[in-house]
Amino acid sequence: MTSITPIINGVAVTVEVPDRVTLADTLRDKLRLTGTHVACEHGVCGACTVIVDGLAVRSCLMLAVQADGAAITTVEGLSKNGKLSALQDAFRRHHALQCGFCTSGILTTMHALLLEEPDAGEHRIREVLSGNLCRCTGYIPIVEAVLEARAAYAQAESGA
Amino acid sequence: MNRPNAYIGSAVDRIEDERLLTGKGTYVGDLNLEHLLHAAILRSPVSHGLIRSIDVSAARALAGVRAVITANEIGDVPIIPIRQHPVPEGERFRQPVIASGKVRYVGEPVAIVVASDPAIAEDALELIVLDIEELPPLADYVTAARNECLLFEEAATNRAATFRARMGDADAAFAQADYTRKERFSVQRHTAFPMETRGLLAEWVDATGHMTLYGVTKVPFFNRRVLAQMLGIEISAVDLIEVDVGGGFGARGEFYPEDFLVPFAARYVNGNVRWIEDRREHLMAMNHAREMYAEMEIACTKEGAVVGIRGRIDIDLGAYARTNGFTTPRNVVQFVSGPYYIPNLAIDAHSFVTSKTPTGTYRGPGRYESSFFCERLLDMAATDLGIDPAAFRLKNLIREEQLPRPLATMMDLDATWQTELDNGAYPIVMQRCLDEFGWQEKIKLQGQLIDGRYHGVAVGNFVEGGAGGRSENASMTIEDDGMVTVAIGSTALGQGLKTVMSQIAADALSLPIERIRLLHGSTTLLTDGVGSFHSRATVMGGSAILLAAEALLDLVRNEVGMRLDVPAANTSFSDGKVEAAGKSFALQDFAGLSVEKTFINTKLTYSYGAHAAYVAVDAATGEVEVLDYVTVEDVGRVINPATLHGQVLGAVVQGLGSTFLEHLQYDENGQLLTGSLADYLLPTATDFPNIRSVSLGLRPCPNNPLGAKGAGEGGLIAVGGVIANAIASALRSLRVQPCDLPLSPPRLWRLIAEARSAEMSR
């Protein structure tokens, strides 16, 4: 067992984890942040994506012991004060989800993208999104939602 | 009611979304009971063999292991019943819940371990010593059909069932026809692949002898009956609870071996047991679909009227006849003619058991395959006869005045197997598709080589069956807080059921949608129910809601009548207010009134429509780009255009995955070669960006009070045929005929190379 203290959604949390346990399982089973979903456990589908120190990371491929001291954002950390973020709201209005199982990982991936590149075009969005599998939507409504949400990120960046 | 249809027909935001977007969804893997134990399943590593021995002593001795269960511990091993389309000869091929004596596919459950931690349960699997004497694999239907080696000795054959569909006299029509053409086609094995793997959590309470099973969906009431019988306890001692579900597409929610093994294990250890399938398991354990090989022949007049189709389809069923294993074989023979007027049909389908994962339904079962065969034949015939492929189809589509029209008769089967197309304006919808697509302009590019790529277009038509399963239940209860609780037997697999059903209920009760509390799926909610499959939930569940609403409002009227001594008929309802004889009541004044109603319907609905595709083919690599894909369909009545649009887009992309990418491959020993996402390719966001769809409510269905037709599968059904035809058209100068799916770049490249070398030697 190793003691780690990641900062999860802005709060430092200390947990004891066995060395072989992934970050995904730790988030879900130890910290009960079950919004992070596990769908392939071999790093292909992207459902388990969380943001670690600004980077979109597959939490099924990262060991929990590697996360000591890291700043981690999960889907639970995207909305503030019970209000949907601009990205989440755009997903809702564009029906960019159906079963919702892949959605957490897509939201975190796209959030990380738009923080870095609020002017990302459709081609770039699709390129980054291609690392996440969705079986329900055919991706089209997701792309529409992300395109629309860009404005809020650009606004935030320019400090408006 | 003074606000009719305020919700039906409008793109209401999904009620489900806020929870799912904020990570508050609760899928079965998210449930957390106290004292939860974890299960892992040992699966056969060989495709066909005799179990000599299973030594579980080391696994049992591992710290943290609570139980290791094999067929020995189960005793009399239950056999899973066929839920849908059972035929007597197929009964011999049903699956036991655990292998005993023999294994018949890689992935068949052999033992289940229960431990304090999922990792320990998996560690224990590695300690089980399984001694299997290998038997010859039956890795393809051709080997199986020879019957030299039998998967089920007692059946004396590997042919599990044969379905025959007939209309008119096909042989006579072919004998007199001006034109005939025979071709071979195949569709590859692939699978539904919901993003959430399966999972179950069984809670056994010994004191009361009660079993609660979480993680079920699709058909909970049927599965409850099966489970209760297998466990030897009363139906009332079993409850199946539906939580959030990460996609189904036909494959999830059937009664699988694990649906017995996990609850059995919970009772065996007297505790709560959870099993979450991993992705490798999923690819070898959940239903596969679609693998079939066809030899089909078309007959036409020289003017281009199709007079007949006949043929034989061989189906690789996999190792067992599962709960809906015969639905696809039935559909594929019955639906070959689709929306076309083809007076003479003779199609046989033979299902063979092979030592591979069993097959079941996947969205558009048998319809995707039969549409591929039919649409390919139509384009070949049109080309041979020198007729524009669109004009050829318009000529052969069933006209509105020819409906209703029976599909081919399923031979030697009773009336419940027969069906007829209901109503529709097939040519009008196809013309709309051509117009949306810009057929007149794009057809000019047919076969053109532009910037190094060959361009091609194609169009095709489909029908989609809906509203199967004969009945559905809905209940309504007026609550103290002014809400109305609506419960339905339909289940939610991610399709937005809650939203659509709330819209229907709110309109039926003239209530704001916020005052509907919609519950679904679980066996605790209703006396009986059926579920969600066969594009049935909206039609059947929705119609049941209409019946329940009518009955509930009647109860309120009677109550008002008694309280005010006025005729009940003079009561009006609006926005939760009940008014009569100048008096006004709030709905909650009638709290406690409750009804449950059953909607019964034996007639299927048939939504229909057309797809058109425009592709560019790189002959140097075999790569195809879909430049435009347009669908237009008529679903009778649209409840929520946004959820419907999402269904269609998602279905089209699944169809494109089926057509280009997805392929479950086996080696000659029956080993699955595609057990990960590195090998099994799904569509990604960069693959198919250019899809447009239009959904219409043009001809309401005459067979249900909603006027709705089942939808959600049609976007997939025609994709294989339309894409293959577009590619054939693009490559017509090379005489390439794609007849085998998937149309992966290597496969298409090989066809092009072969066509070119044939051209050279000509």
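For clarity, every value in this text was computed on a predicted model and none was experimentally measured. (Residues numbered from 1 in each chain as written. Chains lettered and ligands numbered in written order. Predicted model: local features only at pLDDT ≥ 70, side-chain atom pairs only at ≥ 80, totals over all residues.)

## Some remarks on the overall build of chain B
The helix and strand tally for chain B stands at 20 helices and 32 strands. Taking 762 residues into account, the globule formula puts the C-alpha radius of gyration at 27 Å, and chain B, at 27 Å, falls close to it. When its C-alpha atoms are laid out on the principal axes, chain B stretches across 85 × 75 × 50 Å. When the 762 residues of chain B are sorted by exposure, 59% land in the buried category. Nonlocal contacts in chain B, meaning residues at least 24 apart in sequence, comprise 82% of its contacts between residues at least 6 apart. (Helix = DSSP H or I, 4+ residues; strand = E, 2+ residues; numbered from the N terminus. Rg over C-alpha atoms; globule rule 2.2 N^0.38 Å. Buried ≥ 20, exposed ≤ 12 C-beta atoms within 10 Å, placed from the backbone. Contact = placed C-beta atoms within 7 Å.)

## Some words on the overall build of chain A
Secondary structure summary: chain A contains 5 helices and 7 strands in total. Relative to a compact globule of 160 residues, whose C-alpha radius of gyration would be 15 Å, chain A shows 15 Å and is just as compact. When its C-alpha atoms are laid out on the principal axes, chain A stretches across 45 × 35 × 25 Å. The contacts of chain A with a sequence gap of at least 6 include a subset with a gap of at least 24, amounting to 60%.

## Observations concerning helix α5 (residues 140–157) of chain A
For an α-helix, 3.6 residues make a turn, and residues three or four places apart therefore share a direction. Compared with an ideal rise of 1.5 Å per residue, which puts 18 residues at 26 Å, α5(A) spans 26 Å between its outermost C-alpha atoms and is within 8% of the ideal. Listing the buried residues of α5(A) in full gives Ile140(A), Pro141(A), Ile142(A), Val143(A), Ala145(A), Val146(A), Ala149(A), Arg150(A) and Tyr153(A). Buried residues along α5(A) sit in contact with α2 (86–93), α3 (103–116) and α4 (122–129) of chain A together with α17 (641–660) and β32 (691–696) of chain B. Positive backbone phi, at 75°, marks Gly159(A), one or two positions downstream of α5(A). (Expected span 1.5 Å × (residues − 1).)

## Let's talk about the nonpolar core
Residue and element names in this part refer to chain B. Residues Val113 and Ala612 are the most contacted members of the largest nonpolar core, which totals 301 residues. Considering every element that reaches this core, the biggest residue donor is helix α16 (residues 537–564), with 12 residues. With residues up to four places along the chain from it excluded, the contact list for Ala612 reads Cys433, Leu434, Phe437, Trp439, Val457, Ala458, Val459, Val630 and Val722. (Core = buried A, V, L, I, M, F, W, Y, C linked by C-beta atoms within 7 Å.)

## A closer look at the sheet that holds β32(B)
Residues and elements named next belong to chain B. Taking strand neighbours across the sheet as the criterion, the 5 strands line up as β21-β22-β30-β31-β32 in an open arrangement whose pairing is mixed. Whereas interior strands pair on both sides, the edge strands pair on one side only; in this sheet they are β21 (449–450) and β32. Relative to strand β22 (residues 453–466), β21 is paired through 2 bridges, and the arrangement is antiparallel. The residue bridging Ile450 from the neighbouring strand is Arg453, located in β22. (Pairing = 2+ DSSP bridges.)

## Looking at unusual backbone geometry
Residue Leu403(B) is joined to Pro404(B) through a cis peptide bond whose omega torsion reads 0°. With respect to the secondary-structure elements, Pro404(B) resides in the loop between α12 (389–396) and β18 (405–406). The omega torsion of the bond from Leu741(B) to Pro742(B) falls at 0°, within 30 degrees of zero and hence cis. Inspection of the secondary structure assignment puts Pro742(B) in the loop between α19 (719–730) and α20 (745–760). A positive phi is found at Asp53(A), a non-glycine position, where the angle reads about 50°. Inspection of the secondary structure puts Asp53(A) in the loop between β5 (49–52) and β6 (55–58). Notably, Arg735(B) is not glycine yet its phi reads approximately 55°, a positive angle. Relative to the assigned elements, Arg735(B) resides in the loop between α19 and α20.

## Structural notes on the pairing of β6(A)
Residues and elements named next belong to chain A. Note that β5 and β6 share 4 bridges and pair antiparallel. Residue pairing for β6: Thr49 is matched across the bridge by Arg58. Once β5 ends, the chain turns through 2 residues before running back antiparallel as β6, passing Asp53 with a positive phi of about 50°.

## As for the environment of Ser543(B)
Residue and element names in this part refer to chain B. In this structure, Ser543 sits in helix α16. Ser543 sits 42 residues away from Met501 along the chain, and the two C-alpha atoms are 9.7 Å apart. With residues near it in sequence (within four places) discarded, Ser543 still touches Phe599, Asn601, Asn704, Pro705 and Leu706.

## Examining the packing of α2(A) against α5(A)
Residue and element names in this part refer to chain A. The N-to-C vectors of α2 and α5 enclose an angle of 145°; their axes lie 8 Å apart at closest approach. Regarding α2 and α5, the two cross each other, and that crossing is right-handed. Of the residues in α5, those in contact with Ala86, Leu87, Ala90 and Phe91 of α2 are Ala145, Glu148, Ala149 and Ala152. Tallied by class, the residues present in the contact of α2 with α5 amount to 7 nonpolar, no polar and 1 charged. (Axes fitted to C-alpha atoms, helices over the stretch in contact; angles between N-to-C directions. Left-handed = near helix turned anticlockwise from the far one by under 90°. Nonpolar A, V, L, I, M, F, W, Y, C, P; charged D, E, K, R; others polar.)

## Comments concerning the domain arrangement of chain A
Residues and elements named next belong to chain A. Each assigned domain of chain A is listed here: domain 1 (2–77) and domain 2 (86–157). Contacts between the two partners involve 16 residues from domain 1, matched on the other side by 12 residues from domain 2. At the level of secondary structure, the elements contributing two or more residues to the side of domain 1 that touches domain 2 comprise β5 and β6. With 3 residues, the single largest contributor to the side of domain 1 that touches domain 2 is β5. For the side of domain 1 that touches domain 2, a count of residues per class yields 9 nonpolar, 7 polar and no charged. (Domains from an automatic or database assignment.)

## Observations regarding the interface of chain A and chain B
The interface is formed by 42 residues belonging to chain A together with 45 residues belonging to chain B. For the side of chain A that touches chain B, the secondary-structure elements that each account for two or more residues are α2, α3, α4 and α5 of chain A. Per-element accounting of the side of chain A that touches chain B gives the leading share, 4 residues, to α2(A). For the side of chain A that touches chain B, the per-class residue count stands at 20 nonpolar, 14 polar and 8 charged.

## Things to note about α2(A)
Within the sequence span of α2(A), burial applies to Ala86(A), Leu87(A), Gln88(A), Ala90(A) and Phe91(A). Looking at the buried residues of α2(A), the elements they touch are α3 and α5 of chain A together with α1 (17–21) of chain B. His95(A) sits one or two positions beyond α2(A) and adopts a positive phi of about 50°.

## Quick word on the sheet that holds strand β27 (residues 577–580) of chain B
Residue and element names in this part refer to chain B. The antiparallel open sheet is built from 3 strands, whose spatial order is β26-β27-β28. At either margin of the open sheet sits one strand with a lone partner, and together these are β26 (572–574) and β28 (583–586). Adjacent strand axes in the sheet meet at a mean angle of 25° when their direction is disregarded. Where β26 lies against β27, 3 bridges are found, and the strand directions are antiparallel.

## Quick word on the pairing of strand β31 (residues 623–634) of chain B
Residue and element names in this part refer to chain B. Pairing analysis gives 11 bridges linking strand β30 (residues 605–618) to β31, with the strands arranged antiparallel. Along β31, the bridge assignment pairs Val615 with Val626. Joining the antiparallel neighbours β30 and β31 is a turn of 4 residues, in which Gly622 adopts a positive phi near 80°. As judged from the 6 bridges shared by β31 and β32, these two strands associate in the parallel manner. When the sheet's bridge partners are listed, Thr631 is paired in β32 with Ser693. What joins β31 to β32 is α17, and the crossover it makes is right-handed. (Right-handed = clockwise from strand over helix to strand, strands pointing away.)

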